[in-house]
Amino acid sequence: MAKKRIFHFDGSEGATEMMVAILNHYADVAFPLGGSDCAAASREALQSISAKLLQAQAEGLDAEINRRQRPMLKSAVTWFYAESEYASPNEVMYDRLLSQFQK
């Protein structure tokens, strides 16, 4: 049996809302409109993941996300909590989100 190339994102207890906010903000800052084709593709990928998270939440399910997206998601969370203008010491949510992107 082939190994699935997805992981399940547990969006309970506000994790979906926080992750969507992080991804949308990260997309705007790291990959602004009018950038290169590669930046546009990365921005679109982040927006697609945000939509997937919200859809899964609406259906009461964990979102299925491609494992190859983990590094970008981890970078977004790390950046948001360390360097964005919204950086805050909410270690509980930071640890909760980051733990989902570990292998």
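Check the entry above for the structure.
Everything in this summary refers to the structure shown in the same document. A quick note: this is a predicted structure, and the numbers were derived from the prediction, not measured. (Residues numbered from 1 in each chain as written. Predicted model: local features only at pLDDT ≥ 70, side-chain atom pairs only at ≥ 80, totals over all residues. Heavy atoms only, no water.)

1. Some details on helix α1 (residues 15–30)
Then, in step 1: Along its 16 residues, α1 runs 21 Å from first to last C-alpha, staying within 8% of the 22 Å computed at 1.5 Å per residue.
Then, in step 2: Looking at the packing, one finds that the buried side of α1 touches β1 (6–9), α2 (37–58), α3 (70–82) and α4 (91–99). (Helix = DSSP H or I, 4+ residues; strand = E, 2+ residues; numbered from the N terminus. Expected span 1.5 Å × (residues − 1). Contact = heavy atoms within 4.5 Å.)

2. Digging into the nonpolar core
In a soluble, globular protein the nonpolar side chains are often hidden away together inside.
Then, in step 1: Counting 29 residues, the largest nonpolar core has Phe9, Met19, Leu53, Leu73, Val77 and Leu97 as its most contacted members.
Then, in step 2: Among the elements of the structure, β1, α1, α2, β2 (63–66), α3 and α4 are those that each provide at least two residues to this core.
Then, in step 3: Once you skip the residues sitting within four places of it in the chain, Leu53 turns out to touch Phe9, Thr16, Met19, Val20, Leu23, Ala63 and Ile65. (Core = buried A, V, L, I, M, F, W, Y, C linked by side-chain atoms within 4.5 Å. Buried < 20%, exposed > 50% of the residue type's maximum accessible area, 1.4 Å probe, protein only.)

3. Considering unusual backbone geometry
Then, in step 1: Positioned with a positive phi, Glu13 is a non-glycine residue whose angle comes to about 55°.
Then, in step 2: Along the chain, Glu13 turns up in the loop between β1 and α1.
Then, in step 3: The class for Glu13 is exposed, based on a relative accessible area of 70%.

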